[in-house]
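Listed here are the chains, written in short residue letters.
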Amino acid sequence: MKTYKIAVIGGDGTGPEVVAEGLKVLRAAGEKFGFGLDLKPFDIGGERYLKTGEVLPEGTVDELKKFQAIFLGAIGHPGVKPGILEKGILLRLRFELDQYINLRPVKLYPGVDTPLKDKGPEDIDFVVVRENTEGLYTGSGGFLKKGTPDEVAIQTSINTRKGAERCIRFAFDYCKKRNSKKKKVTLCGKTNVLTFAFDLWERTFHDVAKDYPDIATDYAHVDATTMWMVKNPEWFDVIVTDNMFGDIITDLGAMIQGGMGIAAGGNLNPQGVSMFEPIGGSAPKYTGKNVINPMAAIGAGQMMLDYLGEPAAAAAVERAIMKAIKDDLKDMAAGKMGMGTSEVGDLVAGYVSKGI
């Protein structure tokens, strides 16, 4: 029986709770489709940092490279100053594992409410491909005369031809794989103001597009993209963009697909180790109350199965998610689902086992 080595980082707050339900569903999929999971937990997050002063223990990155994927719950602790865990764990893992793609499906399932008037599942089904290791998030820059009236802060956006091209090429390949009716890749940028960075992106985009003559191309400024995501989400198929713009528009995407409780994503290195996670934060106020919605974590597990080469199992998990949402959950918000966190996990795992 094929066995996959998975590193598990429960993280902070409700992270361990949603990860537990995601693993429950993954085990059910393994039993149904004939594969095993070799799971190893890693104690990484705010609690460890507060106890030991270590953000990411020495040797952890090298050890994580030995796994086929990472399943992450959430990073974020109210007792830790913002930026320490995010930069020291999340960004460091993305950069050192070269997870250069952030993949965010934006898909509205039947039975989930969207704040968009007169829009339904047939209108909201697209993917954002975000460059994940360059841009403003490299940390390039610094202060001059910090703490004085003459203080200067500089944050530099780093964009390379290699980084843009591999991200854009992934977007075109993913569009081909999706095989949607639209078959369109939209570059989201700001060519009228960011005339250096997005000149590079735009030229690269058109160069890569020549290799995909069957796929339509489009361009939209980031401000127009946010407008059209609300007004006409059905226009989009695959959106490709840089690190910062991708970070912003994917949160809007989460809202129009029904909220953080359903939004999942992957940080991908197609040639290495990828990491899958629910998009929502650690939600510390709900910790230990068995009320948090685990569907995003279960969806992250579904994405991981597809990445590992188990498309039938991934499809089964998605069908189970859709059935549970449509027939059983009253609401997607924490505490309003009509059942507890662990009950939702049991429900979805049961549907996978039954082959729903």
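Structure shown above.
Anyway, here's the lowdown on the structure attached to this text. (Residues numbered from 1 in each chain as written. Predicted model: local features only at pLDDT ≥ 70, side-chain atom pairs only at ≥ 80, totals over all residues. Heavy atoms only, no water.)

Before going further, it helps to examine the side chain of Glu277. Relative to the assigned elements, Glu277 resides in strand 12 (residues 274-278). Polar contacts involving the side chain of Glu277 include one to the side chain of Asn267, which spans 2.8 Å. Once residues lying within four places of it in the same chain are set aside, the contact partners of Glu277 are Leu72, Arg94, Ala264, Gly265, Asn267 and Ala300. (Helix = DSSP H or I, 4+ residues; strand = E, 2+ residues; numbered from the N terminus. Polar contact = N/O pair within 3.5 Å; in protein donor to acceptor, adjacent residues only side chain to side chain. Contact = heavy atoms within 4.5 Å.)

Let's shift gears to the sheet that holds strand 1 (residues 2-11). Spatially, 10 strands are ordered 2-1-3-12-11-4-5-10-8-9 in an open sheet, and the strand pairing comes out mixed. With partners counted over all chains shown, the strands left at the sheet margins are strand 2 (35-41) and strand 9 (216-221), one partner each. Adjacent strand axes in the sheet meet at a mean angle of 25 degrees when their direction is disregarded. With 3 bridges joining them, strand 4 (residues 101-107) and strand 11 (residues 264-268) adopt antiparallel strand pairing. Each bridged residue has a counterpart across the sheet, and for Asn102 the counterpart in strand 11 is Asn267. Sheet contacts for helix 7 (residues 222-231): strand 5 (125-131), strand 8 (184-189), strand 9 and strand 10 (238-241); angle to strand 9, the most-contacted strand, approximately 105 degrees. Against the sheet, helix 9 (residues 295-308) makes contact with strand 1, strand 2, strand 3 (69-74), strand 4, strand 11 and strand 12, and its axis sits at roughly 155 degrees relative to strand 12, the strand it touches most. (Pairing = 2+ DSSP bridges. Axes fitted to C-alpha atoms, helices over the stretch in contact; angles between N-to-C directions.)

A cluster of nonpolar side chains, contributed by Leu144, Val152 and Ile154, occupies part of the molecular surface with about 260 Å² of accessible area. As for its placement among the helices and strands, Ile154 is situated in strand 7 (residues 152-155). (Patch = residues over 30% accessible without salt bridge, like charges linked within 9 Å, V, L, I, M, F, W, Y side chains within 5 Å. Areas by Shrake-Rupley, 256 points an atom, 1.4 Å probe, with all protein chains shown as cover. Salt bridge = Lys/Arg side-chain N within 4 Å of Asp/Glu carboxyl O.)

Let us look at helix 6 (residues 197-209). In an α-helix, one full turn covers 3.6 residues, which means residues spaced three or four apart are oriented alike. Its 13 residues give helix 6 an end-to-end C-alpha distance of 18 Å, which sits within 8% of 18 Å, the value for a rise of 1.5 Å per residue. All of the buried residues along helix 6 are Ala197, Phe198, Leu200, Trp201, Thr204, Phe205, Val208 and Ala209. For helix 6, the buried positions fall inside an angular range of 155 degrees around the axis, keeping them on one side. Lining the buried residues of helix 6 we find strand 5, helix 5 (161-178), strand 8, strand 9, strand 10 and helix 8 (243-256). (Expected span 1.5 Å × (residues − 1). Buried < 20%, exposed > 50% of the residue type's maximum accessible area, 1.4 Å probe, protein only. Arc of directions from axis to C-beta.)

As for its placement among the helices and strands, Gln271 is situated in the loop between strand 11 and strand 12. Under the relative-accessibility criterion, Gln271 is labelled exposed at 63%. Expressed as a C-alpha distance, the spacing of Gln271 and Asp123, which sit 148 residues apart in the sequence, is 33 Å. In terms of polar contacts, Gln271 uses its side chain to reach the side chain of Tyr100, at 3.2 Å.

Okay, the nonpolar core next. Ranked by size, the top nonpolar core spans 80 residues in total, and within it Val129, Val240 and Met295 carry the most contacts. Ranked by the residues each element gives to this core, the list is headed by helix 5, at 8 residues. Discounting residues that sit within four places of it in the chain, Val129 has contacts with Ile101, Asn102, Leu103, Cys167, Phe170, Ala171, Val238, Ile239, Val240 and Thr241. Within the second largest apolar cluster, 20 residues are counted, among which are Leu56, Ile75, Leu85 and Leu93. (Core = buried A, V, L, I, M, F, W, Y, C linked by side-chain atoms within 4.5 Å.)

Inspection of the secondary structure puts Ala7 in strand 1. For Ala7 and Ala313, which are 306 residues apart along the polypeptide, the C-alpha to C-alpha distance reads 19 Å. If near-sequence neighbours (up to four positions away) are discounted, Ala7 is found in contact with Lys40, Phe42, Leu64, Phe67, Ala69, Ile70 and Phe71.

Attention shifts here to the pairing of strand 11. As a general feature of sheets, a regular strand has side chains that alternate between the two faces. Of all the 5 residues making up strand 11, 5 are buried; the element is thus mostly covered by neighbouring parts of the structure. Every second residue of strand 11 is oriented toward a common face, with Ala264, Gly266 and Leu268 on one face and Gly265 and Asn267 on the other, all of them buried. Summarising the sheet, strand 11 and strand 12 pair through 4 bridges and their orientation is antiparallel. Directly across from Gly265, in strand 12, lies its bridge partner Glu277.

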